[in-house]
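Each chain is listed here by its residues.
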Amino acid sequence: MNILQITSSLRGEQSESNRVANSIVAKLVAANPNANVVTRDLARQPHPQLDEAALGALFTPVESRTAEQSARVALDDALIAQVQAADVVVIGAPMYNFGIPVQLKSWFDAIARAGVTFRYTENGPEGLLKGKKVFVATARGGIYPTDADPQVPFVRMLLNFLGMSDQTFVYSAAQSMGPEAAAKGQAEADATVAAALA
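The structure contained in this document is the topic of the report that follows. (Residues numbered from 1 in each chain as written. Predicted model: local features only at pLDDT ≥ 70, side-chain atom pairs only at ≥ 80, totals over all residues. Heavy atoms only, no water.)

1. Considerations on the pattern of salt bridges
For side chains bearing opposite charge, pairing can occur when the charged atoms are close. As enumerated under the stated definition, the model contains ten salt bridges in all. Here Asp 41 makes a salt bridge to Arg 44, at a shortest N to O gap of 3.7 Å. Residue Arg 44 is classed as exposed on the basis of its relative accessible area of 58%. Notably, a salt bridge pairs Glu 126 with Arg 119, separated by 2.6 Å at the nearest N-O pair. Several salt bridges converge on common partners, so that one network encompasses Glu 16, Arg 19 and Asp 190. (Salt bridge = Lys/Arg side-chain N within 4 Å of Asp/Glu carboxyl O. Buried < 20%, exposed > 50% of the residue type's maximum accessible area, 1.4 Å probe, protein only.)

2. Comments concerning the pairing of strand S4 (residues 118–121)
Looking at chain direction, S4 and strand S5 (residues 124–127) are connected through four bridges and run antiparallel. Bridging from a neighbouring strand, Thr 121 pairs with Gly 124 of S5. Counted between consecutive antiparallel strands, the loop separating S4 from S5 contains two residues. (Pairing = 2+ DSSP bridges. Helix = DSSP H or I, 4+ residues; strand = E, 2+ residues; numbered from the N terminus.)

3. Observations regarding the packing of aromatic side chains
All chains considered together, the criterion is met by four aromatic pairs. Summarising the aromatic geometry, the rings of Phe 98 and Tyr 144 are spaced 6.1 Å apart at their centres and angled 85° between planes, so their arrangement reads as edge-to-face. In this pair, Phe 98 sits in the loop between strand S3 (88–92) and helix H4 (102–111) while Tyr 144 sits in the loop between strand S6 (133–139) and helix H5 (151–161), placing the two residues 46 residues apart along the sequence. Centre to centre, the rings of Phe 118 and Tyr 120 are 5.4 Å apart; their planes meet at 85°, and the pair counts as edge-to-face. A residue is classified by how much of its surface remains accessible, and Phe 118, at 7% relative accessible area, is buried. The class of Tyr 120 is exposed, set by a relative accessible area of 61%. (Phe/Tyr/Trp six-rings, centres within 6.5 Å; stacked < 30°, edge-to-face > 60°.)

4. Section: the side chain of Ser 106
For Ser 106, the position within the fold is in helix H4. Ignoring sequence-local partners within four residues, the contact set of Ser 106 consists of His 47, Pro 48 and Gln 49. (Contact = heavy atoms within 4.5 Å.)

5. Quick look at helix H6 (residues 179–196)
Side chains three or four residues apart in an α-helix point the same way, a direct result of the helix having 3.6 residues per turn. The terminal C-alpha atoms of H6, which comprises 18 residues, lie 26 Å apart, in line with the 26 Å expected from a rise of 1.5 Å per residue. Taken together, the buried positions of H6 are Ala 182, Gly 185, Ala 189 and Val 193. When H6 is viewed along its axis, its buried side chains cluster within an angular range of 75° and face the same direction. Among the exposed residues of H6, those pointing more than 90 degrees away from its buried face are Glu 180, Lys 184 and Ala 195. Buried-residue contacts for H6 involve helix H1 (16–31) and strand S7 (166–172). (Expected span 1.5 Å × (residues − 1). Arc of directions from axis to C-beta.)

6. Section: the packing of helix H3 (residues 67–85) against H4
Two elements in contact, H3 and H4, have axes whose closest approach is 8 Å; the angle formed by their N-to-C orientations is 85°. On the basis of the axis angle, H3 is roughly perpendicular to H4. Every residue of H4 that contacts H3 at Asp 76, Leu 79, Ile 80 and Val 83 is listed here: Trp 107, Ala 110 and Ile 111. Of the residues in the contact of H3 with H4, the class split is six nonpolar, no polar and one charged. (Axes fitted to C-alpha atoms, helices over the stretch in contact; angles between N-to-C directions. Parallel < 35°, antiparallel > 145°, perpendicular 65-115°, else oblique. Nonpolar A, V, L, I, M, F, W, Y, C, P; charged D, E, K, R; others polar.)

7. Let's talk about the packing of H1 against H6
With their axes 10 Å apart at the nearest point, H1 and H6 run at an angle of 25° to one another. Accordingly, the angle class assigned to the pair H1 and H6 is roughly parallel. The two elements H1 and H6 meet at a crossing, and its hand is right-handed. In this structure, H1 contributes Glu 16, Arg 19, Val 20, Ser 23, Ile 24 and Lys 27 to the contact, and H6 contributes Gln 186, Ala 189, Asp 190 and Val 193. For the contact of H1 with H6, the class distribution of residues is four nonpolar, two polar and four charged. (Left-handed = near helix turned anticlockwise from the far one by under 90°.)

8. Quick word on unusual backbone geometry
Note on backbone geometry: most residues besides glycine have negative phi, and most peptide bonds are trans. A positive phi is found at Phe 98, a non-glycine position, where the angle reads about 75°. Of note, Ala 174 is a non-glycine position whose phi angle comes to about 65°, a positive value. Mapping Ala 174 onto the fold places it in the loop between S7 and H6.

Function cannot be inferred from these measures alone, as they are strictly geometric.
Structure (structure tokens):
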């Protein structure tokens, strides 16, 4: 089993989404001792954002790219190769201002490449990153009803678009609502992880 762990919280060791993601990976490894784990901390090693230069490099034919353009595309290629090789992807996705951290958005921007990780067909887009199990560990300061959660539908849509439809979302809610509420949110997240990996 190849496990890819993506974390994006700026809180480091204090991060609840990192704690939950680490717990998921630990349980996966306990059940699969020979698993290979690749980790990428997007907060400590952020991937370059998609900008005009990067877009120009991506749309320049390979044989016509400058050395600088080739180097920029190679950064995205490395992320794509990691996710292509993974059997399981574990994503730590804290809620920042009702969305995901810009660092995580840059990761999605890098791995979403037409003709490589998705393609357009007569029946619409088709994701090419199929056959992977995805766990998303999301922590948030408040409590959001399912129909009012702006973050998860966006992440789910991105994953589905890329073909990663086997998803388990783990919520650690109420992390800014006081110690008792935060502890309850953490316990509920732990219970979800235990049930998903029983």
